[in-house]
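Results of the structural survey
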Protein chains: 2
Amino acid sequence: MQGTIMYAPGDVRVEERPDPVIVHDTDAIVRLTATCVCGSDLWPYRGIEPVDHQPMGHEYVGVVEEIGADVRNVRVGDFVIGSFMASDNTCEVCLGGYQSRCVHGEFAGAGGAQSELLRVPLADGTLVATPGMPDADLVPSLLAASDVLGTGWFGAVAAQTGPGKTVAVVGDGAVGLLAVLAAKHLGAERIIAMSRHESRQELAREFGATDIVSERGEDGVARIKSLTGGFGAHSVIEAVGTQESMMQAIRATRPGGHVGYVGVSHGVELPGEELFFSGVHFHGGPAPVRRFLPELIDLIWNRVIDPGKVFDLTLPLSEAAEGYRAMDQRRAIKVLLQP
Amino acid sequence: MQGTIMYAPGDVRVEERPDPVIVHDTDAIVRLTATCVCGSDLWPYRGIEPVDHQPMGHEYVGVVEEIGADVRNVRVGDFVIGSFMASDNTCEVCLGGYQSRCVHGEFAGAGGAQSELLRVPLADGTLVATPGMPDADLVPSLLAASDVLGTGWFGAVAAQTGPGKTVAVVGDGAVGLLAVLAAKHLGAERIIAMSRHESRQELAREFGATDIVSERGEDGVARIKSLTGGFGAHSVIEAVGTQESMMQAIRATRPGGHVGYVGVSHGVELPGEELFFSGVHFHGGPAPVRRFLPELIDLIWNRVIDPGKVFDLTLPLSEAAEGYRAMDQRRAIKVLLQP
């Protein structure tokens with residue numbers, strides 16, 4: 001099969017690789033209909049995380065091609081979506097809603113989902129089948145549910161977004177934009193998107209943002225405060241993962257408010273004393289996408305939400321390298337790859 | 001009046017000071033029935049926080065002696081308890097339950113509560129009157145409600161303590177011990193007190209601890225995990241405020257669990273990446289004691305809880321210096337001072 005390998009920072013190649021095979025009786029092999037490049041793939045691409053001949057990709061939708069002997073919940077021919085983290089969905093942590101930290105969990109993208117085929121471990125607990133074969137126009141939205149929508153959604157839930165709340169979103173990548181969509185769906189009264197890019201501001205508004213703040217850092221915090229009677233937002237979703245964005249999120253939240261952080265932390269050190277006196281609630285981490293998948297698939301299937309709009313560039317899998325370049329240069333919000 | 005001044009680290013003196021007077025129409029002057037030394041008073045006593053001729057004390061119960069022209073909710077002659085943080089109890093932050101971060105808030109102990117008289121700002125929003133004059137044996141428990149009980153209670157609430165939960169408490173000072181009492185009252189199934197001191201272990205058991213763990217740091221974490229099927233506790237209350245205790249609390253909590261931290265942070269830096277992947281909820285800060293005061297007074301008045309047991313040494317106010325020494329040397333859990 002064709003698969004994507006990051007040889008080194010900035011060096012992404014699509015090449016012939018061995019087809020994945022069933023390793024454990026709980027595995028499934030999925031033939032991918034669509035896959036994509038994640039904002040987190042840019043960390044190694046930019047040399048911020050080490051990388052050496054790494055199979056890339058962890059977002060996937062497609063058709064089950066083969067199942068292990070113990071797989072019961074999905075069948076060959078099913079159209080399925082799974083989280084980037086495989087989970088048994090039966091352990092105490094999964095039952096508590098934290099499938100991304102399943103005691104038997106493993107990274108579903110280990111084999112590299114930017115490819116034609118993917119071995120998904122713990123298929124019964126990881127994959128969710130759609131009611132039937134989706135219309136082609138639903139595929140991008142279903143693909144988004146695999147990570148970026150589920151992550152934005154978790155951010156909004158972790159930030160306790162809901163009716164009567166003013167919500168601010170730090171970060172205008174696909175996760176931040178979909179956090180706006182989630183906040184809207186969860187009933188937030190006011191949604192402030194922090195973005196300096198016109199095309200992203202536009203999509204944020206389309207997803208439900210009522211206000212745009214283009215300032216960053218302390219200026220951004222001051223702006224959020226001035227928009228919220230000096231108190232700060234009730235809920236702030238952090239979707240970047242840098243020191244600046246984390247502090248911006250904490251400082252923009254009112255005492256007793258909630259920060260939901262889903263940007264993968266890189267080099268962040270949180271000052272304990274400031275966090276203590278901030279009085280905020282702080283929750284986040286790798287999103288338990290599996291918790292939300294049934295609901296998200298339902299909302300997409302019934303065309304209530306259209307998260308696939310974050311894909312503003314579609315390329316054949318063979319052009320994955322150009323997809324990385326487009327995202328790195330912020331020419332594209334998110335790139336869909338067609339195997 | 002007689003009042004306590006910390007001249008410098010380790011140098012505490014009780015001396016004649018001017019009687020406080022009404023400064024604002026919202027003030028009240030309270031003649032103190034009892035006051036005490038707080039674990040947080042030991043930070044400057046030990047030279048970890050700067051101190052220079054500081055009036056000390058922020059925990060108080062007593063009888064209202066004088067009120068400002070605008071005070072409506074308490075009357076001269078009322079027996080009252082107030083939080084260590086004064087609050088209007090009417091602003092948006094107070095109404096949200098975070099009176100310790102009231103937009104008009106100020107430190108109620110500015111005048112020094114280890115004294116005969118105290119000026120309490122924002123009396124209407126800060127003080128709560130008891131149903132009548134308390135029996136003498138209730139005074140220590142009512143005094144505890146002013147900070148140490150309210151703080152332990154907030155820790156337990158922030159850690160989402162409740163039925164079916166396994167709760168671990170890091171820290172066996174008065175706050176930690178009262179967090180055990182709070183966890184018990186809030187219905188926790190299992191309460192693990194982390195303590196190496198026999199007398200404190202005993203009081204922890206009396207307050208409701210079902211297990212004692214004497215190990216600390218990584219060993220303590222391993223012990224909590226082994227007691228909880230490898231998962232970690234659902235709820236962990238941090239009542240110390242050091243780097244070690246914070247990391248111990250985070251690491252002892254299962255993914256999706258809740259850390260309630262009420263130890264005042266000193267020199268703590270939280271590693272963002274570890275916090276991210278821990279998947280815990282993290283909430284704490286200066287306790288909004290005022291939120292809990294009516295309920296706590298009711299529980300004490302009706303002799304449902306007896307938090308006053310944390311006072312294992314009672315001294316006349318004139319011997320405050322000995323009170324500090326006893327707590328510093330851990331000869332006493334908490335020292336009550338009688339003006």
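Residues numbered from 1 in each chain as written. Chains lettered and ligands numbered in written order. Predicted model: local features only at pLDDT ≥ 70, side-chain atom pairs only at ≥ 80, totals over all residues. Heavy atoms only, no water.

A word on the side chain of B:Gln114
All names here are of chain B. Within the secondary structure, Gln114 sits in the loop between β8 (106–107) and β9 (117–120). In terms of polar contacts, Gln114 uses its side chain to reach the backbone carbonyl oxygen of Cys36, at 2.9 Å. One polar contact links Gln114 to Tyr324, side chain to side chain, over a distance of 2.8 Å. Apart from the residues within four sequence positions on either side, Gln114 is in contact with Gly3, Thr4, Thr35, Cys36, Val37, Asp41, Met56, Gly57, Leu317, Tyr324 and Leu337. (Helix = DSSP H or I, 4+ residues; strand = E, 2+ residues; numbered from the N terminus. Polar contact = N/O pair within 3.5 Å; in protein donor to acceptor, adjacent residues only side chain to side chain. Contact = heavy atoms within 4.5 Å.)

Observations regarding the sheet that holds strand β1 (residues 2–8) of chain B
In a beta sheet, neighbouring strands are held together by backbone hydrogen bonds and run either parallel or antiparallel to one another. Residue and element names in this part refer to chain B. Taken together, the three strands give an open sheet; going across it, the order is β2-β1-β4, and neighbouring strands pair in antiparallel fashion. Either end of the sheet is taken by a strand with one partner, and the two such strands are β2 (11–16) and β4 (54–55). In terms of strand pairing, β1 meets β4 through two bridges, oriented antiparallel. Of the residues in β4, the one forming a bridge with Met6 is Gln54. (Pairing = 2+ DSSP bridges.)

Some words on helix α5 (residues 148–158) of chain A
In terms of burial, α5(A) is largely enclosed, as ten of its eleven residues are buried. Buried within α5(A) are the following residues: A:Val148, A:Leu149, A:Gly150, A:Thr151, A:Gly152, A:Trp153, A:Phe154, A:Gly155, A:Ala156 and A:Ala158. (Buried < 20%, exposed > 50% of the residue type's maximum accessible area, 1.4 Å probe, protein only.)

Quick word on the packing of aromatic side chains
The full count for this structure, using the stated rule, is twelve aromatic pairs over all chains. With a centroid separation of 4.4 Å and 20° between ring planes, the pair formed by A:Tyr261 and A:Phe282 is classed as stacked. In this pair, A:Tyr261 is assigned in strand β15 (residues 253–261) and A:Phe282 in strand β17 (residues 281–284), connecting sequence segments 21 residues apart. A:Phe282 shares its class with A:Tyr261; the two are buried. With 6.4 Å between their ring centres and 80° between their planes, B:Tyr98 and B:Phe154 make a pair best called edge-to-face. Residue B:Tyr98 is found in the loop between α2 (92–95) and β8, and its partner B:Phe154 is found in helix α5 (residues 148–158); the two are separated by 56 residues along the sequence. There is no split in this pair, since B:Tyr98 and B:Phe154 are both buried. Aromatic ring contacts, followed pair by pair, group A:Tyr261, A:Phe282, B:Phe276 and B:Phe277 into a single cluster. Taking the ring centre of B:Tyr7 as reference, the NZ or CZ of B:Arg13 above it sits at 3.7 Å. We note B:Arg291 situated over the ring of B:Tyr98; from NZ or CZ to the ring centre the distance is 5.0 Å. (Phe/Tyr/Trp six-rings, centres within 6.5 Å; stacked < 30°, edge-to-face > 60°. Lys NZ or Arg CZ within 6 Å of the ring centre and 35° of its normal.)

Function-wise, these values are silent; they only describe arrangement.
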